[in-house]
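As a plain string of letters, each chain reads:
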Amino acid sequence: MTTMQASTAEVLAMLGRGDDGPVMGTAEVIARLAGGQVRPLRLAADLSPGRAASQVIRALHQPRTVTGVLPGDEMWRPLWQPVAQRSAKPVVLVPAGAQRRPRRIRRVLLPLDGTARSAAAVAEAAEKFARGGAELVVLHVFDAETVPKFWDQHAHAGQAWEQEFLARYCALPGARLELRSGDAAEHVAKVAGAEQADMIALAWSQRLDPGRAAAVRRTILEAEVPVMLIPMPADYRPSALPSGTE
């Protein structure tokens, strides 16, 4: 979330023609974390998807706006996809089945790929969540090429590796690490459900061309909680964590 004065921060809530409870409830919770207020935006029913997306993006670009909350179901894809790809600020997508009026965010899932770039993208949002009292569950998924050496060693090596990972990529009090192996796209929504997370915060490249953003695509499709998509800064180069602790 963009740093703003507490009295001026606004969370944009994009309202549709149906049940706006989940979107408004999510926006209200985020606004409390940001120390600001919700700014509803109801689009005219006759707007084309392109014109509607442009209107939302213009509202997001206002200096006081810190993030936008949009319905994230498949029906609204022609709107939220171009908005998420073009917005310089975080965009929260709320699935149709999300809790209607969440009172607070108690637990947030932070999938991190072990690069400085993704960690930098979520750092400010993670700090806001932590200050608001949310527990941070960091998820890291490795495959056959990135599996740490400790996987076949004693437990102490694993603990040291996990401590190093958190110290490097999410050094916030109370953050804990969950490790999985395989394809990240298969795990994010499942771990969010198992951990009873109230939100998923994902760093992403804002690219949806073939072969990219598989975890983002599947998470949006399968998640039952709001998904915050946070653009990764262009001035960071990936820096992989060492594959094991000696």
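Keep in mind the model is a prediction, meaning the values are calculated, not measured. (Residues numbered from 1 in each chain as written. Predicted model: local features only at pLDDT ≥ 70, side-chain atom pairs only at ≥ 80, totals over all residues. Heavy atoms only, no water.)

### Examining the overall build of the protein chain
The criterion, for reference: Numbering of helices and strands runs from the N terminus; a helix is a DSSP stretch of H or I covering at least four residues, while a strand is a stretch of E covering at least two. For every residue, the accessible area obtained with a 1.4 Å probe (protein chains only) is divided by the maximum for its type, and the residue is called buried under 20%, exposed over 50%, and partly exposed between those limits. Per-residue and other accessible areas follow the Shrake-Rupley method at a 1.4 Å probe size, with only the shown protein chains counted as cover for residues.
If you tally the helices and strands in the protein chain, you get seven helices and nine strands. For the protein chain, with 246 residues in total, the buried portion stands at 49%. For the protein chain, the accessible area works out to roughly 12100 Å², and carbon and sulfur atoms hold 49% of it.

### With respect to the packing of aromatic side chains
What counts, and what does not: Ring pairs are drawn from Phe, Tyr and Trp, using the six-membered ring of Trp, whenever the two centres fall within 6.5 Å, and their geometry is named by plane angle: stacked under 30 degrees, edge-to-face over 60, tilted for the rest.
With the rule as written, the count across this model stands at two aromatic pairs. One aromatic cluster in this structure is built from W161, F165 and Y169.

### Digging into unusual backbone geometry
Residue Q196 is not a glycine yet carries a positive backbone phi of 55 degrees. Here Q196 is to be found in the loop between α6 (184-194) and β8 (199-204). By relative accessible area, Q196 is classed as exposed at 60%. A positive phi angle is found at Q206, which is not glycine, with a value near 65 degrees. Residue position: Q206 is located in the loop between β8 and α7 (214-222).

### A closer look at the confidence of the model for the protein chain
The condition that has to hold: As a per-residue measure, pLDDT reflects the predictor's confidence and takes values from 0 up to 100. Note on contacts: a residue pair is in contact if any heavy atoms of the two residues lie within 4.5 Å.
The predicted model of the protein chain averages 85 in pLDDT, with 83% of residues at 70 or higher. The least confident element of the protein chain, judged by mean pLDDT, is helix α5 (residues 155-169) at 82; the most confident is strand β5 (residues 107-111) at 97. Confidence drops under pLDDT 50 across residues 2-6; counting only partners more than four residues distant or on other chains, this segment forms 11 contacts. In the model, residues 238-246 has pLDDT below 50 throughout and makes 31 contacts with residues more than four positions away in sequence or in other chains.

### Quick notes on the packing of helix α2 (residues 49-60) against helix α3 (residues 77-86)
Just so we agree on the cut-off: Angular values range over 0 to 180 degrees, each being the angle between N-to-C directions of two axes fitted as lines to C-alpha atoms, with helices fitted over their stretch in contact. Reported orientations rely on four angle classes, namely roughly parallel under 35 degrees, roughly antiparallel over 145, roughly perpendicular from 65 to 115, and oblique for the rest. The handedness criterion is simple: a crossing whose near helix is rotated anticlockwise from the far helix by less than a right angle is left-handed, and one whose near helix is rotated clockwise is right-handed.
One can describe the packing of α2 onto α3 by two numbers: an axis separation of 9 Å at closest approach and a directional angle of 40 degrees. The angle between α2 and α3 falls in the class oblique. In terms of crossing hand, the pair formed by α2 and α3 is right-handed. From α2, P49, A52, A53, S54, V56, I57 and L60 reach across to α3, where they touch P78, L79, P82, V83 and R86.

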